[in-house]
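# Survey of secondary and tertiary structure
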Amino acid sequence: MGDACTIRQFRHTDFSRCISPVVLVDHFVMTGPTFEPHTHAGISAATLMLEDSTGVMQSLDGIENNQDIHAGDLHWTQAGRGIVHAQRPVGEARLHGLQIFIDHPAHLKSLPPMTSMLRAADMPAIQAPSGKVRVVSGSFGGLESPLRTPEPLLILDGWLRPGATTLVPMPPGWNAWFYAIQGDLGVRARHCSKGAGPLPKVAGGDPDFAVVPAGSAAVAGATRDGEEGVLLLMAGKKPVHFVLVAGSAVGEVPQQGDAALPDADGALAEALAAYGETEPADALTTC
């Protein structure tokens, strides 16, 4: 995206199944203004700023909820029936993070737009000999994030020391998208969380085990009519930094660029009109 931003992008069409409710994920490093003001509708956009970011990202939108996003923060935009926003660095900055686009059921697509912020200091984290896991959204390891999402959603930002493992429960009907930011992430899917017998040997290796190299992503799903499953995440000889996003699958995943609304054009026109009437309009148009 020019000289000021590099993006590694993962679209739902890159995976044959088990990706919903995730629609799209951008892993970005941004040093200068990149995106003009743009619209969203029918989805939520979560901007997770990783802790090695420096400087500040300014988030401006058409509903006047303008906020500064710092290292470690999570900014949530529920687009509802339509919102216009722009996010850009302030001054000298190196912003390292993920923007995660989440689909919603039809009854949530026409709600008024809204935004919320979870500061890094308020984000619960598990510190253990195996490593560190920040509970960005949902519940994990006895900790619950204060972030309120339209539907239950688990987002973990974690580090594993060499040879360490961690278990992530998978409720029936949930899918998980997991990404290795640094190091090679080993993942094994277990089909029930308790009382499972030994896995049978399969010619050619275990089909429910994968090594996800740094810069790569994979997905896993738990059947709706099965028991609670579990993902076993593991590091090899080097430390691993990973992000995991898991939630209940939504019917049809919108295509790239779709607003996912029956009256999308009208909803986005309203959002653009509202944006034009707000105070930050001049500032937005300069990014």
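About the thresholds
Residues numbered from 1 in each chain as written. Predicted model: local features only at pLDDT ≥ 70, side-chain atom pairs only at ≥ 80, totals over all residues. Heavy atoms only, no water. UniProt positions renumbered as here; feature names shortened; annotations may be inferred. Helix = DSSP H or I, 4+ residues; strand = E, 2+ residues; numbered from the N terminus. Buried < 20%, exposed > 50% of the residue type's maximum accessible area, 1.4 Å probe, protein only. Areas by Shrake-Rupley, 256 points an atom, 1.4 Å probe, with all protein chains shown as cover. Phe/Tyr/Trp six-rings, centres within 6.5 Å; stacked < 30°, edge-to-face > 60°. 1 Å grid on protein atoms, 1.4 Å probe; cavity = no way out; pocket = protein on both sides within 12 Å on 5 of 7 lines; lining within 4 Å. Points joined across faces, edges and corners; volume = space filled by probe spheres on them. Pairing = 2+ DSSP bridges. Axes fitted to C-alpha atoms, helices over the stretch in contact; angles between N-to-C directions. Polar contact = N/O pair within 3.5 Å; in protein donor to acceptor, adjacent residues only side chain to side chain. Contact = heavy atoms within 4.5 Å. Core = buried A, V, L, I, M, F, W, Y, C linked by side-chain atoms within 4.5 Å.

As recorded in an unreviewed UniProt entry, the protein chain goes by Pirin N-terminal domain-containing protein and comes from Achromobacter mucicolens. In its Sequence similarities (unreviewed entry) section, the UniProt entry covering the protein chain states "Belongs to the pirin family."

## Remarks on the overall build of the protein chain
Of regular secondary structure, the protein chain possesses 2 helices and 21 strands. When burial is assessed residue by residue, the protein chain has 51% of its 287 residues classed as buried. Looking at the protein chain as shown, the accessible area adds up to about 13,300 Å², and 52% of this sits on carbon and sulfur atoms.

## Quick notes on the packing of aromatic side chains
This structure, assessed with the given rule, holds 3 aromatic pairs. Taking 5.7 Å as the distance between ring centres and 70° as the angle between the ring planes, the aromatic pair formed by phenylalanine 10 and tryptophan 177 counts as edge-to-face. Remark: tryptophan 177 occurs in strand E16 (residues 174–182) and phenylalanine 10 occurs in strand E1 (residues 5–11); sequence separation between them is 167 residues. Each of the two residues, phenylalanine 10 as well as tryptophan 177, counts as buried. Put simply, the rings of Phe10, Trp177 and Tyr179 touch in pairs and so form one group of aromatic residues.

## Remarks on empty space enclosed by the protein
One pass over the full model with this rule turns up 1 cavity of 30 Å³ or more. Of the voids in this model, the largest cavity is the one considered here, and its volume is about 110 Å³. Lining the largest cavity are Asp26, Phe28, Met30, Phe35, His38, Thr47, Met57, His85, Gln87 and Gln99. Elements with a minimum of two residues in the lining of the largest cavity: strand E2 (22–30) and strand E8 (83–103).

## Details of the sheet that holds strand E17 (residues 185–190)
As summarised here, the arrangement of the 4 strands in space is E15-E20-E17-E18, forming an open sheet in which the pairing is antiparallel. The open sheet has two edge strands with one neighbour each: strand E15 (165–170) and strand E18 (209–212). Within this sheet the neighbouring strands show an average axis-to-axis angle of 20°, counted without direction. Pairing of E15 with strand E20 (residues 229–235), which is carried by 6 bridges, proceeds in the antiparallel orientation. Counterpart to threonine 165 in the pairing with E20 is methionine 234.

## Some thoughts on the environment of proline 146
By the element assignment, proline 146 lies in the loop between strand E13 (143–144) and strand E14 (153–160). For the pair proline 146 and valine 136, spaced 10 residues apart in sequence, the C-alpha to C-alpha distance is 8.6 Å.

## Quick word on the side chain of histidine 27
Among the structural elements, histidine 27 can be located in strand E2. With a relative accessible area of 12%, histidine 27 lands in the buried category. A polar contact of 2.7 Å, which involves the side chain of histidine 27, links it to the side chain of histidine 96. Non-local contacts of histidine 27, meaning those with residues more than four positions away in its chain, are made with Thr6, Ile7, Arg8, His96, Gly97, Leu98, Tyr179 and Ile181.

## Focus: the side chain of histidine 75
On the secondary structure map, histidine 75 appears in strand E7 (residues 74–78). A distance of 3.2 Å separates the side chain of histidine 75 from the side chain of glutamine 67, its partner in a polar contact.

## What about the nonpolar core?
By size, the foremost hydrophobic cluster in this structure holds 27 residues, and its most contacted members are Leu156, Phe178, Leu185, Leu231, Leu233 and Leu244. Elements supplying a minimum of two residues to this core: strand E11 (131–137), E14, E15, E16, E17, strand E19 (217–221), E20 and strand E21 (240–248). With residues near it in sequence (within four places) discarded, leucine 185 still touches Phe178, Ala180, Ala210, Val211, Val212, Leu233, Met234, Val240 and Phe242. The next biggest cluster of nonpolar side chains, apart from the first, holds 25 residues, and it includes Val22, Leu50, Ile102 and Leu153.

## Remarks on the sheet that holds strand E10 (residues 125–128)
The strands making up a sheet are joined through hydrogen bonds of the backbone, oriented either antiparallel or parallel. If you trace the 6 strands from one edge of the open sheet to the other, you get E10-E11-E14-E21-E16-E19, paired in antiparallel fashion. Since the sheet does not close on itself, it has two edges, and those belong to E10 and E19, each with one partner. Ignoring strand direction, the axes of neighbouring strands in this sheet form an average angle of 15°. Two elements, E10 and E11, share 4 bridges in a ladder whose sense is antiparallel. Residue alanine 125 lies in a different strand from E11, and its bridge partner there is arginine 134.

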